[in-house]
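Coordinate analysis (summary)
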Amino acid sequence: MSEAPGQAAASPSTPASAPQRPAPPQVIRREDYCPPAFGIDRVELRFELDEDVSTVHATLALRRAPGAAAAAPLVLDGEGLVLRSVAIDGRTLGPEAYAQDAATLTIAAVPDVFELRTVVEIRPQDNTELTGLYRSSGNYCTQCEAEGFRRITFFLDRPDVMARYRVTLAADRTRYPVLLANGNRVAAGELPGGRHFATWDDPFPKPSYLFALVAGDLRCHAGEFTTASGRRVRLEIWVEPENIDRCEHALRSLQRAMLWDEQRFGREYDLDIYMIVAVSDFNMGAMENKGLNIFNAKYVLARPDTATDDDYEAIEKVIAHEYFHNWTGNRVTCRDWFQLTLKEGLTVFRDHWFSADMGSPAVTRIAEVLALRTAQFAEDSGPMAHPIRPESYVEMNNFYTATVYEKGSEVIGMLRTLLGDAGFRRGMDLYFERHDGQAVTCDDFRAALADANGRDLEQFGRWYSQVGTPVLRARTTHDPATGRFTLRLEQAPPLAAGAGREAAPLLHIPVAMGLLAPDGSSLPLQLVGEAAASPGETRVLELREQAQSFEFVGVQEAPAVSLLRGFSAPVELDYPRSDDELARLMGADPDAFARWDAGQELARRVLLRLCDDAVAGRELVIDERLVTACGRVLADPRLDGSLKALALTLPNERILGQHQTIVAVEGLHRARQFVVRALAEALQGPLRAIYSETAPRGPYAITQPEIDRRRLHNLALGYLAALGDDASVALAVAQFKDADNMSDSQEALACLIEVGGPVREAGLAEFHARWRGDALVLDKWFTLQAVSGHPDTLERVLALAHHPDFTLANPNRTRALLASFGLRNQFHFHDASGRGYQLLADKVCELDPHNPHVAARLVSAFNNWRRFDSGRQAAMHAQLQRIAGLPGLSRSTQEIVARALV
Ligand SMILES: [Zn+2]
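Parameters and conventions
Residues numbered from 1 in each chain as written. Predicted model: local features only at pLDDT ≥ 70, side-chain atom pairs only at ≥ 80, totals over all residues. Heavy atoms only, no water. Core = buried A, V, L, I, M, F, W, Y, C linked by side-chain atoms within 4.5 Å. Buried < 20%, exposed > 50% of the residue type's maximum accessible area, 1.4 Å probe, protein only. Contact = heavy atoms within 4.5 Å. Pairing = 2+ DSSP bridges. Helix = DSSP H or I, 4+ residues; strand = E, 2+ residues; numbered from the N terminus. Axes fitted to C-alpha atoms, helices over the stretch in contact; angles between N-to-C directions. Left-handed = near helix turned anticlockwise from the far one by under 90°. Nonpolar A, V, L, I, M, F, W, Y, C, P; charged D, E, K, R; others polar. Donors = N, O, S within 2.8 Å, 3.2 Å for Na, K, Ca; no water. Expected span 1.5 Å × (residues − 1). Salt bridge = Lys/Arg side-chain N within 4 Å of Asp/Glu carboxyl O. pLDDT = per-residue confidence, 0-100. Phe/Tyr/Trp six-rings, centres within 6.5 Å; stacked < 30°, edge-to-face > 60°.

Right, let's get into the nonpolar core. Of all hydrophobic cores here, the largest spans 206 residues; its most connected members are Phe424, Phe445, Leu489, Phe552 and Phe862. Those residues in contact with phenylalanine 445 that sit more than four places away from it in its chain are Leu342, Leu346, Ile412, Leu415, Met428, Tyr431 and Tyr464. In terms of nonpolar packing, the next biggest core, distinct from the first, is built from 79 residues, Val110, Leu133, Tyr176 and Val214 among them.

Hydrogen bonds between backbone groups are what pair the strands of a sheet, and the pairing can be parallel or antiparallel. The strand order E4-E8-E7 describes an open sheet built from three strands, whose pairing is antiparallel. Looking along the sheet, the strands with just one partner apiece sit at the ends: strand E4 (74-77) and strand E7 (98-100). Sheet twist, expressed as the mean angle between neighbouring strand axes with direction ignored, is 15°. One ladder, built from four bridges, connects E4 with strand E8 (residues 104-107); its direction is antiparallel. Paired with valine 75 across the bridge in E8 is threonine 106.

So, on to the packing of helix H7 (residues 579-588) against helix H8 (residues 592-616). Contact geometry of H7 with H8 gives a least axis separation of 7 Å together with a crossing angle of 145°. For the element pair H7 and H8, the recorded crossing hand is left-handed. On H8, the residues touching Asp579, Leu582, Leu585, Met586, Gly587 and Ala588 of H7 are Arg595, Ala598, Gly599, Glu601, Leu602, Arg605 and Arg609. Its residues assigned to classes, the contact of H7 with H8 comprises six nonpolar, two polar and five charged.

The subject of this paragraph is the pairing of strand E10 (residues 132-136). Burial runs high along E10: four of the five residues are buried. The pairing of E10 with strand E11 (residues 139-143) spans five bridges and is classified as antiparallel. Its bridge partner being in E11, tyrosine 134 is matched across the sheet by cysteine 141. Once E10 ends, the chain turns through two residues before running back antiparallel as E11, passing serine 137 with a positive phi of about 50°.

This paragraph deals with the coordination of the zinc ion. Each protein donor to the zinc ion is listed here as Met1 (N), Met1 (O), His321 (NE2), His325 (NE2), Glu344 (OE) and Glu344 (OE); together their distances run 2.0 to 2.6 Å. The sequence motif formed by the donor residues of the zinc ion is M-x319-H-x3-H-x18-E. Taken together, the residues histidine 325 in the loop between helix H2 (309-324) and strand E22 (333-334) and glutamate 344 in helix H3 (residues 340-358) connect sequence positions 19 residues apart.

Let us look at unusual backbone geometry. A negative phi angle is the norm for most residues apart from glycine, just as the trans form is the norm for most peptide bonds. Omega for the peptide link from glutamate 145 to alanine 146 comes to 0°, which places this bond in the cis form. Relative to the helices and strands, alanine 146 is located in the loop between E11 and strand E12 (163-172). Although it is not a glycine, serine 137 sits at a positive phi angle of roughly 50°. On the secondary structure map, serine 137 appears in the loop between E10 and E11. The exposure class of serine 137 is partly exposed, given its relative accessible area of 44%.

This part covers helix H14 (residues 704-723). With 20 residues, H14 should reach 28 Å at 1.5 Å per residue; the first-to-last C-alpha distance of 30 Å fits that figure. With 15 of its 20 residues buried, H14 lies for the most part within the structure. Immediately downstream of H14, the backbone of glycine 724 shows phi near 70°, a positive value.

This part takes up the pattern of salt bridges. Per the counting criterion, the structure on display carries 90 salt bridges. Across the salt bridge formed by aspartate 157 and arginine 150, the nearest N and O atoms sit 2.9 Å from each other. Of the residues examined, arginine 150 reaches a relative accessible area of 10% and is grouped as buried.

Turning our attention to the confidence of the model for the chain. For the chain, mean pLDDT is 96; residues scoring 70 or higher make up 97% of the total. Counting interchain partners and residues more than four positions distant, the pLDDT-below-50 stretch residues 7-22 has 61 contacts.

Below, the discussion takes up the packing of aromatic side chains. Here the structure, examined in full by the defined rule, presents 39 aromatic pairs. Between phenylalanine 38 and phenylalanine 114 the ring centres are 6.2 Å apart and the planes differ by 85°, which places this aromatic pair in the edge-to-face class. A residue pair is termed long-range when its members are at least 10 positions apart, and phenylalanine 38 in strand E2 (residues 38-48) and phenylalanine 114 in strand E9 (residues 113-122) qualify at 76 residues. Each member of the pair, phenylalanine 38 as well as phenylalanine 114, is classed as buried. Taking the centre distance of 5.8 Å and the plane angle of 15° together, the rings of phenylalanine 47 and phenylalanine 211 count as stacked. Of this pair, phenylalanine 47 sits in strand E2 while phenylalanine 211 sits in the loop between strand E15 (195-206) and strand E16 (213-216); the two residues are 164 residues apart in sequence, bridging distant segments of the chain.

Moving on, we get to the pairing of E9. As paired elements, strand E3 (residues 54-64) and E9 share ten bridges and run antiparallel to each other. Opposite arginine 63, over in E9, you have valine 113 as the bridge partner.

Let us now look at the environment of proline 73. Within the secondary structure layout, proline 73 lies in the loop between E3 and E4. Residue classification places proline 73 among the partly exposed residues on the basis of a relative accessible area of 36%. The sequence separation of proline 73 and isoleucine 107 amounts to 34 residues, and the corresponding C-alpha distance is 5.8 Å.

Right, dumping it as structure tokens:
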């Protein structure tokens, strides 16, 4: 599954302890895992889909697991199901033979091998939670991960119960001409009363969370792929009729992903057909159901006038992610939900690698680290801090988090760094060979990688239980007389309180590094006692002790140290180097990531100093070193447009706030606005030249050079528009009017929103009039206003919450306005009046009874409330308490709120 768009989730937890709760929800613990008492060999499902009540007939071939107690009852999961009948081996059971409560169906006496038949009724049209079987735009679809299948039929709804499924759908032919499920279609035909049916058979055993069905009026954009062994696979992208011209990019992305997984990992697709269905109402990004992916439409539909370059890249990445799950997740799945990172961390790692291979590795890496630092580091330092393999949870859906996904991917990345590409591939091959068709654990994965390489990864395994962001301390000494340079590395527990400071076990940390001479050239990397320097300009040091010293020889002049090249470990670096050393790295480091990172650190220091000045009421003066460094970047012919744009994008206010004990909300905003303007003034000449040099020269094309060009073009526009002079505003107005693509149009509108006044109103009105019938584009209209820094943003967001086009019923629209505001607009959300908090809390209360999963994600905007001043703390605390006291609050939201309040 892919995370929800544009935000990091919250997390799992220890016991909920809101005082208002008489009976805290049950806490599930990893250590309590027990194998299932029954296995299921075969599943036959028949769905009678109707407008009012839908009926699900289930036939399960069950057998008692070897070693399970002979008298153990059969306990099936089931929620919100109306039971019509239950039969064992053809004999209908009387009500005395079973017991049903809100979550289970228990049958006391069952044979060792038997057939269970149940008939239940459900009402998909009333399902606003969007898990299980529900309706979106009049079509039926499903979302079963993690525990949605139990809302469809009674079942052993856990990932370690894998079975073969045969599924028949029956529905009205006119309203639902398309009937899809997992696997291959084996039968179809007419039924009396204008109905029809289709039967699908999936030959691969799978856990219930990978079940899917779709019924609706959809159109297909088809293609095909021939596998390395010569099998032809039909590819189908299913969308609502009006979107049929927006599928080509998704199809091409799928074909590229299929080829890449064969070339990089030797993995072929296994069914005759691969289907993707786009739906408008979806809680997450997308879902990897076997052979029948169901996607948030945001990650399928693209046309140049409706999708930005970022959208195109995100679609390619998410399509690939779900495809890669066919091996890492579906063929080899998780034993239990605590192992979620086994499939998600690994698959995110694979989609990152794929994106790097398809586009620019440096740009891809920078974007990943930015996302990690913004969302995951924040999660790590707040009340929801948890290991990538959590120890407990109340509501599984709360733990599809940045930690499990993004940090989980970083952990796999460290394994690749330690084992090398070839060693990593050997380990993956062994993992698939050993575990194909099984439900396994993170330890099984690590054992395969260790065994295939003859490496000891015991200590490395501690990353799976480690909480918080570890600190890597670096100190250096240089002796010019002997030419010896010593790098002392030390690992320290996370800075955040309560993140396991005392009991932090020593980690195995790969540190990729290099040394630069004063002239910017790379120095040979030879340690004392080595006969020769290591090949290349980067080497990986392995830190396994609390502290280790590495002594390099042949270093005549004091070098600049480039540390954590490629961000080789998810740690916070504590290395007090001079601004000049940073400037040297920023100008010359051969590692593009490290260059960018040095620039970010330099900018961060400047911004934090200016923030202090702003808070103290001192005059703000721009640091000329930053201006010079930015000017050099703009003029550097070795950097492409995307890298320049990333280098010139200052750290966001949320990242800056993480470096303060108490977040200085106004000071940070003022400092950042000031620096943007000061850079725009100082670099006006080059920026204007770049803006005109990078003007479009032909029709829109989604190629890397063109993406690079547009990014630089729009970066220049953003800076110039910050000047607010007539000439610059005219550039934005003209670009908005002339743009033939959404990237240029959206960026121009964003500039006009910052400028404010009549140009903003005209731009917003025009954009709205043009796109009001297009939900995905209209989401952008909401988001651009929600993330704006313009002084009246809070007022506008409050008004937009009552806009006729705003609805809490659609997760994308909810996120477009409220999550964007609460999680991405630190300055205005944390307005001292507390009205931003009030709005978010009101909406959480309103949404929770209908869609607790999205409500729980929204409420996580309050997670870091203790990081703010006492007035803001009190205001956020009051809202959290109000939510905690809500009668009937969902388990999902309650878990997040209770953790925040502890
Ligand atoms: Zn996934």
